[in-house]
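# Coordinate analysis (summary)
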Amino acid sequence: MTNNNFSQTAAFIWSVADLLRGDFKQSQYGRVILPFTLLRRLECVLSESKDAVVAQAEEVKAMNLPEEAQEKMLLRATQTEKNKGGLSFFNTSPMNLGKMGQSDIKDNLENYIQCFSKDAREIFEHFKFDEFVGLLDDANLLYKVVEKFSNTDLSPKAISNHDMGLVFEELIRRFAESSNETAGEHFTPRDIVRLTTSLVFMEDDDALTKEGIIRTIYDPTAGTGGFLSSGMEYVHELNPKAVMRAFGQELNPESYAICKADMLIKGQDVSRIKLGNTLSNDQLPIDQFDYMLSNPPFGVDWKKIEGDIKNEHILKGFDGRFGAGLPRVSDGSLLFLMHLISKMRDTSSVDGNISDGGRIGIILNGSPLFTGGAGSGESEIRRHILEADLLEAIIALPTDMFYNTGIATYVWVLSNKKDAGRKGKVQLIDGSNLCGKMRKSLGSKRNLMSDDDIKTITRAFGNFEVIDARLVDKPVEEKSNRGRQSTTPKTEAPKTFASKIFNTYEFGYRRITVERPLRLSSQITDEAIESLRFAPKPYNSIMQRIYQDFSSSWTDETYGQLSEVESEIRQLIKAEFSELKEKQIKDVLDSKIWLFQKALMEKVQKLQTYFDEKEGDILGGKANRSDDFNQFDIDYNKALKAIDIKFDAKEKKQFLDAVTNKNPGAERVVDKALKTGADELYGAFEYQGDVTKWQNKVVSFKQDGDLRDNENVTLDPSVITSDLIETYFKKEVAPHVADAWINATKRDEKDGEIGVVGYEIPFNRHFYVYQPPRALETIDEDLDLVSADIMKLLQEVHS
């Protein structure tokens, strides 16, 4: 059947929409046409064995067997001389669409559907066929629709299984386009399907040439079965003798019904098509496949199934699907990718030749390329894929290619049976400009890839070649001509096509943590002491306000007692401090917090008095204003001991926060003495200060968290890790911050080396083409012209 023929057949069937117009919404046409098309095809296929099945049904009925046993006997009755293998479905009713009559047509049709075998019957249930039959009957359209289909010849003699599949696909496409507001949920555009399928299948010469070869194809987000159909069609075109077995799982019941119907029409075993959530309930748990194609939902969170996913990750590790890591809960795209990797058929070697193995084609948005830093779930997943050498290529698609989103998307191609030339390599192909504008947009889909565009990409992938950016013959986008046009408009970036090849390790880096010392100045002032009257955040602001408004009547005995003004304070909090939680409100209303802060303040006042009395000697002078916290620490501890005051941990922290401040000109704060030799590169320094306690010792300094930074050092397996990071540090860090050092405690969990390994694929960076900005003079000229226009308009307004 030619493209025109199956399109004409599909158009003829779709003409039923003329009957539905007015009584049904456009988005509902497919919900009527698809199940009726399936119903008519099934009864045409069953016509030859109809009498035998009806007769067998009478005998089986009298045997009182379980449904499963009955079905096996009835399926045997579908065998004919032409079809000795029998069918995978049956119908035990003597009726057909042509015998429904008009008076009792609704009851007859519903009874007819119930007489199908379980798998076929389930399809109609998920289509909610009985609901639409009722709507058709209420609109007095049921008889007309049934009559239309009963007179349509969809028999195998008129249309083969393969061609019927094409017709059904065309109907699915029309349905998706007629309801394009939700089409993206269950339908991938044909051009994207064709490209992805070509990329995945083109490497398998056996499947495309050998007679009788058997291959399996799987889609965990099957939708309406577009990828499954396209994969089978691709192989069928090149090798009609190949046997393709389709497997899939789909979450949406309606899409599942369409997919299952499509597979039934194509003669597939529909028991391999499952309904349910692939991630939380994999219904093909032990199966592995030759080919996998998927277009999972973009940016959809997996909060609802978080428990199931995390349990599998923790309990099964790499024996499960998610051993490599878990992405953030807001985007489950990489979970689908890991699921597919777990389904790749294992490779085996026979006489040195690799056989079996699997290939994956999956469509993802840009997030999985780079989201998540070193050590994150996303980075660890990319690390696993690249270090296991599974990624063959990533192809950037044009924007505005999908029905429900216009964002940038990418096709990832993965394989565990790479050719020798591809081992350790990844190909990036920029096909973002290979498209043309559609005459009519369908939802967000405004661009279309032609056959030539697809061939350009597949040829570059198949040849595994580097292609420098070259211009493609695509029309320049038309810009609006409204408003003032610039005399020297900005030069548009040229539309190019390019391909680059990288070593897998080039996408990896080692994130080292660079520390800098904490430098503190200290001074006990009246302001610092007064600040201790109030607890730190989140209590600080509200306590200041309460003290300001209500403390005038407090005495030493009633300090912080707020029970009499509680309602007023609560109103104040509700109006101005609504971020406070009830527990925090209760804390503020309790006198304990006020008395604790008052006691701390009084302790520090005594400490200040002691220092004031010591003014002039070394202790007092240094402690009351010091740019060397190491000496201040010694001095104030001596003072506390002298006046018999102790700070607990909480008091000490509040005290030091109040009397110290960061000062880049102050001395470095010592953390501890080390028993190792000096190694300034890793934070072991010979003490050079004036504090006797630390002199002639190798010390480490406390780290300033505000100055902490991370540096990404590109991986290079030919260089020892220590040499790699030290060379980078000396060249890129030390010349700019002389007091910095490498934090040697931050190590990678897998290799134990300093620095955490991360992977990202900065696709756009590799294909970025610099466009110089317009000269300032030309911009000034445009501004002058615009200013002149504005002044002219203002003069007209005032005149």
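Just so it is clear, the model here is predicted, and its values are computed rather than measured.

Okay, the overall build of the protein chain next. For the protein chain, the helix and strand inventory stands at 30 helices and 23 strands. Rg of the C-alpha trace for the protein chain: 37 Å, well past the compact-globule value of 28 Å for 799 residues, more than 25% over. Projected onto its principal axes, the C-alpha positions of the protein chain cover 115 × 85 × 70 Å. For the protein chain, with 799 residues in total, the buried portion stands at 49%. The long-range share in the protein chain, meaning contacts at least 24 apart out of those at least 6 apart in sequence, stands at 77%.

We now examine the pattern of salt bridges. Scanning the model with the defined rule gives 39 salt bridges in all. Among the salt bridges present, the one from Arg570 reaches Glu582, with a minimum N-O distance of 2.9 Å. Placement of the pair is Arg570 in helix 22 (residues 566-576) and Glu582 in helix 23 (residues 582-589), with a sequence separation of twelve residues. Note on Glu582: relative accessible area 38%, which makes it partly exposed. Each member of the salt-bridge network shares a partner with another, and the members are Glu380, Arg383, Glu387, Asp748 and Lys750.

Taking strand neighbours across the sheet as the criterion, the three strands line up as 18-20-19 in an open arrangement whose pairing is antiparallel. Pairing within the sheet leaves two strands with one partner each, and these edge strands are strand 18 (670-673) and strand 19 (685-686). Judged from the two bridges that link them, strand 19 and strand 20 (residues 698-701) form a sheet pairing that is antiparallel. Counted as the bridge partner of Phe685 is Val699 from strand 20.

The final tally for this structure, using the stated rule, is 24 aromatic pairs. With a centroid separation of 5.4 Å and an interplanar angle of 55°, the aromatic rings of Phe124 and Phe129 are classed as tilted. Each member of the pair Phe124 and Phe129 is classed as buried. An aromatic cluster is present here, built from Phe36, Tyr112, Phe116, Phe124, Phe129 and Phe149 joined pairwise through their rings. When the ring centre of Phe12 is taken as origin, the NZ or CZ atom of Lys148, which lies over that ring, is 4.7 Å away.

What follows covers helix 6 (residues 105-114). Restricting attention to buried positions, one finds in helix 6 the residues Ile105, Leu109, Tyr112 and Ile113. Angular distribution of buried residues about the axis of helix 6 spans 100°; they occupy a single face of the element. In this structure, the buried side of helix 6 is in contact with helix 3 (29-46), helix 4 (50-63), helix 7 (118-126), helix 8 (129-138) and helix 9 (142-150).

Conventions and cut-offs
Numbers given to residues run from 1 along each chain, matching the order in which its sequence is written. Totals for whole chains, interfaces and linings use all residues, but because this is a predicted model, local features are given only for residues with pLDDT of at least 70 and pairs of side-chain atoms are given and counted only at 80 or more. Computation of side-chain values covers all heavy atoms of the structure but excludes hydrogens and water. Runs of E in the DSSP output that reach at least two residues are strands. Runs of H or I that reach at least four are helices, and both are numbered from the N terminus. The globule rule is 2.2 Å times the number of residues to the power 0.38, and the radius of gyration it is compared with is taken over C-alpha atoms. A simple rule labels every residue: compare its accessible area, found with a 1.4 Å probe on the protein chains alone, to the largest value its type can have, and call it buried under 20%, exposed over 50%, or partly exposed in between. Note on definitions: a residue-residue contact is assigned when non-hydrogen atoms from the two residues lie within 4.5 Å. Any carboxyl oxygen of Asp or Glu that lies within 4 Å of a side-chain nitrogen of Lys or Arg is treated as forming a salt bridge with it. When DSSP finds at least two bridges between two strands, those strands are taken to pair. Centres within 6.5 Å are what make two rings of Phe, Tyr or Trp a pair, Trp counting through its six-membered ring; a difference in plane orientation under 30 degrees is then read as stacked, over 60 as edge-to-face, and the rest as tilted. Our definition puts a charge over a ring when NZ of Lys or CZ of Arg is within 6 Å of the ring centre and also within 35 degrees of the ring normal. Throughout, the arc means the angular range of directions from the helix axis out to the C-beta atoms.

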